[in-house]
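Chain by chain, the residues:
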Amino acid sequence: MRVVIAEDNVLLSAGLELLLGTKGIDVAAIVTDAEGLMEAVERHRPDAVIADVRLPPTFRDEGIRAALAIRQAHRGLPVLVLSQYVEKVYARELLSDGSGGVGYLLKDRVSRVGEFVDDLRRVADGGTVMDPEVIAQLMAGGNAVDALTNREREVLALMAQGLGNTEIGKRLFVTDNAVHKHVGNIFSKLGLPPSDGGHRRVLAVLTFLDSAR
Amino acid sequence: MRERWDQVWRGGRYLLIGLPTALAAMLVVPLLAVGALSTGLGGVGLVVFPRMVASLRLWAEWQRRRAAALLGVTITPRNATLAKGVRAQWRQLLDDRENRRDLRWVLQHIVIGLAAGLGALCCVSFPVGGLVAATSWWLFPVDEPMTVLLGVPVTEWGTALGLGAVQVALGGALAWWAMPSLARWEARVSLAALEPSAEDQLAERVGELTESRAGVLDAHGAELRRIERDLHDGTQARLVAIAMRLGVAREALPDDDSGTLARLLREAHEGTEVAMTELRDVIRTMYPPILADRGLEGALASLAAGSAVPAELDLGELGRLPAAVEAAAYFIVAETLTNAAKHSGATRATVRMSRHDGRLIVEVTDDGIGGADESRGTGLVGIRRRAAALDGTVLVSSPLGGPTAITVGLPCAS
């Protein structure tokens, strides 16, 4: 797998390269701003992009905007956005195009190398990965999830973190079948169509994000 | 001796300069009236009148300086600069309580200044008159002779030199004895008339403090932003970099390694993660990063979007706000919306923000059951504390049965 990294802090980009290297992930380019990111993506056609939220020149939310622009220009190119803090609005903006291949994680998570690389691969495969902190913020505020049982909420939270049914089952010590049932309930309670497909999982998370009020 | 002479000289000069100004003071009221009436002449007075009042202030300040110099006291100068623009000038004129003081002083000066000035004139003219009589009595016509000592005609050198000398001595003695006291009395009366009252000085002081607090607030806000940025780019980034390396190091060890090295690495790694979480919480409560990224409007939009009670934003023209005020407004809205979600059973909330007379007004209303109780929970207490830190006001209206409205006013430099 080849990735392009957009990170203006040398300390962090060097650390990321080192870390990805140990897992056999190739860093095609490291850029320090959104413009450079666009060019690097054009040139290297990576499998995924890892972008910091704060990038020059204003160090605000350039990374979010760059991620959205790239996904528009390169039909759903997987983007994993890293930040030192997470905000629900950013999560929702990143998911707003409804297609998968999006991740939004605290930089803290990077140091759990194995889990981080799993997350990156999930994003590259078109999955959706939300930081547990985003999920926690949503659960703290949420009315929409009131309709869900406790177990369904747990399943939804893990789903939002990008886990598949089997992994969810393992974490919650239940069978695949039980998870499947919970997922079905979640979809119907959130008013999502019963047709299958990976997109529905993204939509579930998005609905979750949208309706956390 | 020399010192006394100096006092006499300075007192005389002070009073004699005051005399023509006392005469001129008689013209002030008629002139102001003309100025005001000239508004009828195509609005001339609108422009002229504030200038006249400002000139009066300049004159009064000149008088204060003179009096203070004579008495050897220090005074704090009052504002004597005119604002730019007719509208601003009129606002200044109407707001300035000192103008009335100036006008009162003018009326007083007509009486006191004139009396004291004439007194000084006597003190001077009496000995001078004696001197003239003693030396130049013969220049006067015989049937209208010069008089000394208030009525004794001078017709020959004997009276002239004798009584003239007596008049010079008496006049000199009068000036010597009375002039300094008279001048000091007049100066004290003038100063007292123009000295701001204790109440006004207090008001002035409050004004100054308000201004300096606004400055402090601005500086404090800039500091908050800087600290947030420094921590983000520095400490936080370093912690992440350390954690990354610790993570990579742990990966290098076999999973089932239970040796000291593995344990220490795990502890270091977990400790770093706790430090990152704590630092993030500190930054969030100090200055939420979303404020730095998206400004108050963006941050509030984020709050409203994430609110458990559907919230609607109604933001007026807010302009630039001190960072501390932005942060306080953000926290207050966050706290209120959380309260609404927890206790009110509301189905909708409205967040209104506007700026009036240098105050940011934050109003959060919900359609819940009301009956918000300050003694229960810390929500309202926290809001009051945040507002109080900025000298703000909090108004809670929450009758049983609702609705609940919380209005917070935060001063912000305009």
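These numbers were taken from a predicted model, which means no experiment stands behind them.

## Considerations on the overall build of chain B
And step 1. Along the backbone of chain B there are 11 helices and 7 strands.
And step 2. The proportion of buried residues among the 414 residues of chain B is 43%.
And step 3. Taking the intrachain contacts of chain B between residues at least 6 apart in sequence as the baseline, contacts between residues at least 24 apart amount to 70%.
And step 4. In the structure as shown, chain B presents an accessible area of about 22,000 Å², 63% of it carried by carbon and sulfur atoms.

## A look at the interface of chain B and chain A
And step 1. Facing the 35 residues of chain B at the interface are 39 residues of chain A.
And step 2. Counting each side, the surface lost to burial between chain B and chain A is near 3,300 Å², with a carbon and sulfur contribution of 48%.
And step 3. When the buried area of chain B at its contact with chain A is split by residue, Met244(B), Asp293(B) and Arg294(B) rank highest and sum to 20% of it.
And step 4. Across the chain B-chain A interface, the total number found is 8 salt bridges.
And step 5. Residue Arg294(B) pairs with Asp61(A) through a salt bridge whose shortest N-O separation is 2.5 Å.
And step 6. At the junction of chain B with chain A, the criterion picks out 18 residue pairs in polar contact (both at pLDDT 80 or more).
And step 7. Sorting the residues of the side of chain B that touches chain A by element identifies α7 (198-252), α8 (260-286) and α9 (289-306) of chain B as the ones contributing at least two each.
And step 8. Looking at the side of chain B that touches chain A, its residues break down into 14 nonpolar, 8 polar and 13 charged.

## Describing the packing of helix α1 (residues 2-25) of chain B against helix α5 (residues 98-136) of chain B
All names here are of chain B.
And step 1. The contact between α1 and α5 brings their axes to 7 Å, and the two run at 140 degrees. Here α5 runs oblique to α1, going by the angle between their axes. Viewed along their axes, α1 and α5 form a crossing whose handedness is left-handed. Here Leu-15, Leu-16, Gly-18, Leu-19, Thr-21, Ala-22, Leu-23 and Ala-25 of α1 come into contact with α5, specifically with Val-106, His-109, Ile-110, Gly-113, Leu-114, Ala-116, Gly-117, Leu-118, Ala-120, Leu-121 and Val-124.
And step 2. The residue inventory of the contact of α1 with α5, partitioned by class, reads 14 nonpolar, 5 polar and no charged.

## Points about the confidence of the model for chain B
And step 1. Of the residues in chain B, 99% reach a pLDDT of 70 or more, and the chain-wide mean stands at 87.
And step 2. The ipTM for the predicted assembly is 0.84, set against a pTM of 0.67.

## Quick notes on the side chain of Asn9(A)
And step 1. Considering the arrangement of structural elements, one finds Asn9(A) in the loop between β1 (2-6) and α1 (10-22).
And step 2. Engagement of the side chain of Asn9(A) in a polar contact is seen with the backbone oxygen of Asp233(B), the distance being 3.3 Å.
And step 3. With near-sequence residues (within four places) excluded, Asn9(A) lies in contact with Asp233(B) and Ala237(B).

## Section: helix α8 (residues 165-172) of chain A
Residue and element names in this part refer to chain A.
And step 1. Considered for burial, the residues of α8 that qualify are Asn-165, Ile-168, Gly-169 and Leu-172. The arc that holds every buried residue of α8, seen down its axis, measures 100 degrees, which confines them to one face.
And step 2. The positive-phi residue at the C-terminal boundary of α8 is Phe-173, with phi of around 55 degrees.

## Quick notes on the confidence of the model for chain A
And step 1. With 89% of its residues at a pLDDT of 70 or more, chain A has an overall mean of 85.
And step 2. Looking across chain A, the model is least confident in helix α10 (residues 198-210) of chain A, with a mean pLDDT of 68, and most confident in β1(A), with 96.

## Considerations on empty space enclosed by the protein
Residue and element names in this part refer to chain B.
And step 1. Evaluated as defined, the whole model comprises 6 cavities of 30 Å³ or more.
And step 2. Within this model, the largest cavity holds a volume of roughly 110 Å³.
And step 3. Mapped by element, the contributors of at least two residues to the lining of the largest cavity are α3 (44-71) and α4 (86-95).

## Let's talk about the packing of α3(B) against helix α6 (residues 157-194) of chain B
Residues and elements named next belong to chain B.
And step 1. Packing of α3 against α6 leaves a shortest axis separation of 9 Å and a crossing angle of 135 degrees. One element, α3, and the other, α6, form an angle in the oblique class. Pair α3 / α6 crosses with left-handed handedness. Between α3 and α6, the residues in contact are Ala-60, Gln-63, Arg-64, Ala-67, Ala-68, Leu-70 and Leu-71 and Ala-183, Arg-184, Glu-186, Ala-187, Arg-188, Ser-190, Leu-191 and Leu-194, respectively.
And step 2. When grouped by side-chain class, the residues that make up the contact of α3 with α6 number 9 nonpolar, 2 polar and 4 charged.

## What about the UniProt feature "transmembrane region" (unreviewed entry) in chain B?
Residues and elements named next belong to chain B.
And step 1. Annotation from UniProt places "transmembrane region" (unreviewed entry) at residues 12-34, 40-60, 110-140 and 160-179.
And step 2. This span, residues 110-140, is 87% helix and 0% strand, and a straight line between its end C-alpha atoms measures 35 Å.
And step 3. Counted over residues 160-179, helix gives 100% and strand 0%. Its end C-alpha atoms are 26 Å apart.

## A closer look at the nonpolar core
And step 1. In terms of nonpolar packing, the biggest core is built from 96 residues, with Tyr104(A), Leu360(B) and Leu410(B) touching the most fellow members.
And step 2. Considering each element in turn, this core owes the most residues, 13 residues, to helix α10 (residues 323-344) of chain B.
And step 3. Once residues within four sequence positions are removed from consideration, Leu410(B) is found in contact with Val325(B), Ala328(B), Ala329(B), Ile332(B), Gly358(B), Arg359(B), Leu360(B), Ala387(B), Leu390(B) and Gly392(B).
And step 4. Leu16(A), Leu19(A), Ala241(B) and Ile283(B) belong to the second largest nonpolar core, which has 31 residues in total.

## Overview of the sheet that holds strand β7 (residues 404-411) of chain B
Residues and elements named next belong to chain B.
And step 1. Taken in spatial order, the 5 strands line up as β3-β4-β5-β7-β6 in an open sheet, and their pairing is mixed. Each edge of the sheet is formed by a strand with only one pairing partner; in this case those strands are β3 (311-315) and β6 (393-397). Pairwise comparison of adjacent strand axes, ignoring direction, gives a mean angle of 10 degrees for this sheet.
And step 2. With 5 bridges connecting them, β3 and strand β4 (residues 349-356) associate as parallel partners. Its bridge partner lying in β4, Leu-315 is registered against Met-353.
And step 3. Here α10 sits on the sheet in contact with β3, β4, β5 (359-366) and β7, set at roughly 10 degrees to β5.
And step 4. Those strands touched by helix α11 (residues 379-389) are β6 and β7, and its axis lies near 155 degrees from that of β6.

## Details of unusual backbone geometry
And step 1. Backbone torsion omega between Pro56(A) and Pro57(A) reads 5 degrees, so that peptide bond is classified as cis.
And step 2. Checked against the element boundaries, Pro57(A) lands in the loop between β3 (48-52) and α3 (62-73).
And step 3. A positive phi is found at Asp391(B), a non-glycine position, where the angle reads about 60 degrees.
And step 4. Checked against the element boundaries, Asp391(B) lands in the loop between α11 and β6.
And step 5. Owing to a relative accessible area of 46%, Asp391(B) belongs among the partly exposed residues under this scheme.

About the thresholds
- All residue numbers refer to position in the chain's written sequence, counted from 1.
- Naming scheme: in the order in which they are written, chains are lettered from A and ligands are numbered from 1.
- This being a predicted model, a pLDDT of at least 70 is required before a residue's local features are given, and a value of 80 or more before pairs of side-chain atoms are given or counted; all residues contribute to the totals for chains, interfaces and linings.
- Processing note: side-chain calculations cover all non-hydrogen atoms of the structure and skip hydrogens and water entirely.
- Working definition: helices are DSSP H or I runs of at least four residues, strands are E runs of at least two. Numbering for both runs from the N terminus.
- Each residue's exposure class comes from its accessible area (1.4 Å probe, protein chains only) as a fraction of the maximum for that residue type: buried when under 20%, exposed when over 50%, partly exposed otherwise.
- Contact criterion: two residues are considered in contact whenever any of their non-hydrogen atoms come within 4.5 Å of each other.
- Areas reported as accessible are Shrake-Rupley estimates using a 1.4 Å probe. Residue values count occlusion only from the protein chains shown.
- Joining two parts hides part of their accessible area as seen by a 1.4 Å probe, and the buried area is that hidden amount summed over both.
- In the sections that follow, a salt bridge refers to a side-chain nitrogen of Lys or Arg positioned within 4 Å of a carboxyl oxygen of Asp or Glu.
- Pairs of N or O atoms within 3.5 Å make up the polar contacts considered here, provided that, within protein, one atom can donate a hydrogen while the other can accept it, and that residues adjacent in sequence are counted only when both atoms are side-chain atoms.
- Lys, Arg, Asp and Glu make up the charged group, whereas Ala, Val, Leu, Ile, Met, Phe, Trp, Tyr, Cys and Pro make up the nonpolar group; the residues left over, Gly among them, are polar.
- In this description, a line fitted to the C-alpha atoms serves as the axis of each element, helices being fitted only across the stretch in contact, and the angle between N-to-C directions of two axes falls anywhere from 0 to 180 degrees.
- Roughly parallel here means an angle under 35 degrees, roughly antiparallel means over 145, roughly perpendicular means 65 to 115, and every remaining angle is called oblique.
- The hand of a helix crossing depends on one turn: near helix anticlockwise from the far one by less than a right angle means left-handed, and clockwise means right-handed.
- Within a predicted model, pLDDT stands for the predictor's per-residue confidence, ranging from 0 to 100.
- The arc in question is traced by the directions running from the helix axis to the C-beta atoms.
- Lining residues are those with an atom within 4 Å of a point, where the points come from a 1 Å grid over the protein atoms alone and group into cavities, where a 1.4 Å probe fits but cannot get out, or pockets, open sets with protein on both sides within 12 Å along at least five of seven lines.
- Grid points are joined across faces, edges and corners, and a volume is the space filled by probe spheres set on the points.
- UniProt positions are given in the numbering used here, feature names are shortened, and annotations may be inferred rather than shown by experiment.
- Here, nonpolar core means buried Ala, Val, Leu, Ile, Met, Phe, Trp, Tyr and Cys residues that are tied together by side-chain atoms lying within 4.5 Å of each other.
- Strand pairing is assigned whenever DSSP identifies at least 2 bridges connecting the two strands.

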